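Per-entry structural report
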Amino acid sequence: MPTRILLEARPGAGKTTALRRLAALLPTRAATGFTTEEIRQSGARVGFALETLAGQRQVLAHVDLPGPPRVGKYGVDLGVMERLALQSLRPAATDEAPGRLVLIDELGRMELACTAFRDAVEALFAAEVDVVATVHAHRDPFTDALKRRTDIEVIPLTPANRDALPGELASRLQQPGAHEGPG
């Protein structure tokens, strides 16, 4: 049975850092996916960039983008989700290749505004691939449904465990199939 983990935390807790550390600790795994990070100007957050694990990067949301959709003060470019995020996820969702690991940062309001992305995430969590995704602690119908599934482990990410957690997860995910327990 594949490993399916949601790292749940509040904004600023280190979700992106933890996921990037996990990816760096697993150089032998065939990993795909993406991370997001803040764009800052003069110390103020003005947007978010999305970067695939393959190194492609584009602005996902920005105060200067008109939207729709808009999430808070940010206009979101759903085309970035389709061009980069979906491109990095689809092979894993449709390819039953053993050893696939998918890392997603994050299942947040900006990303989930893209219907095709939600569909791809559902397909991933149904596929025979290992998935580690970050998710906000706030309530959302889509992520709440994932959190309730018995085949998905929800791990709180906190200041107390954020430094050790990537290493612990890497040990579990080191080899595909090595993490399987009794089922």
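Going by the structure above, here's the rest.
Described below are features of the structure shown in this document. Note that the structure is a prediction, hence the values are computed from the model and not measured.

1. Description of the overall build of the protein
On a plain count of helices and strands, the protein comes out with six helices and nine strands. On C-alpha atoms alone, the protein measures out to a radius of gyration of 16 Å, which is about the 16 Å that the 2.2 N^0.38 rule sets for 183 residues. The C-alpha extent of the protein, read off along each of the three principal axes, is 50 × 35 × 30 Å. With 183 residues in all, the protein has 49% of them scored as buried. Within the protein, contacts between residues at least 6 apart in sequence are counted, and of these 65% link residues at least 24 apart.

2. Section: the pairing of strand β4 (residues 57-62)
As paired elements, strand β3 (residues 44-52) and β4 share five bridges and run antiparallel to each other. Across the sheet, residue Glu51 finds its bridge partner in β4, namely Arg57. Linking β3 to β4, which pair antiparallel, is a turn of four residues; within it Gly55 sits at a positive phi near 100 degrees. Here β4 runs beside strand β6 (residues 74-76); their pairing, made up of two bridges, is antiparallel. Residue pairing for β6: Ala61 is matched across the bridge by Val76.

3. A word on the nonpolar core
With 34 residues, the main nonpolar core has Ile104, Leu107 and Phe117 as its most contacted residues. Among the elements that line this core, the one with the most residues is helix α2 (residues 78-94), at six residues. In this structure, Leu7, Val132, Ile155 and Leu157 belong to the second largest nonpolar core, which totals 17 residues.

4. A few points about helix α4 (residues 115-126)
Compared with an ideal rise of 1.5 Å per residue, which puts twelve residues at 16 Å, α4 spans 17 Å between its outermost C-alpha atoms and is within 8% of the ideal. Residues of α4 that are buried include every one of Phe117, Ala120, Val121, Leu124 and Phe125, and no others. End-on view of α4: buried residues confined to an arc of 135 degrees, all on one side of the axis.

5. Focus on the pattern of salt bridges
Counted according to the given criterion, the structure contains 13 salt bridges. Notably, a salt bridge pairs Arg4 with Asp151, separated by 2.5 Å at the nearest N-O pair. With a gap of 147 residues between them, Arg4 in strand β1 (residues 4-9) and Asp151 in the loop between α5 (141-148) and β9 (153-156) connect regions that are remote in the sequence. Assessed through its relative accessible area of 7%, Arg4 is described here as buried. When the shortest N-O distance is used, the salt bridge between Glu51 and Arg57 registers 3.5 Å.

6. Digging into the environment of Ala13
Looking at the element boundaries, Ala13 is found in the loop between β1 and α1 (15-24). Residues Ala13 and Thr158, 145 residues apart in the sequence, show an inter-C-alpha distance of 6.3 Å.

What counts and what doesn't
Residues numbered from 1 in each chain as written. Predicted model: local features only at pLDDT ≥ 70, side-chain atom pairs only at ≥ 80, totals over all residues. Heavy atoms only, no water. Helix = DSSP H or I, 4+ residues; strand = E, 2+ residues; numbered from the N terminus. Rg over C-alpha atoms; globule rule 2.2 N^0.38 Å. Buried < 20%, exposed > 50% of the residue type's maximum accessible area, 1.4 Å probe, protein only. Contact = heavy atoms within 4.5 Å. Pairing = 2+ DSSP bridges. Core = buried A, V, L, I, M, F, W, Y, C linked by side-chain atoms within 4.5 Å. Expected span 1.5 Å × (residues − 1). Arc of directions from axis to C-beta. Salt bridge = Lys/Arg side-chain N within 4 Å of Asp/Glu carboxyl O.

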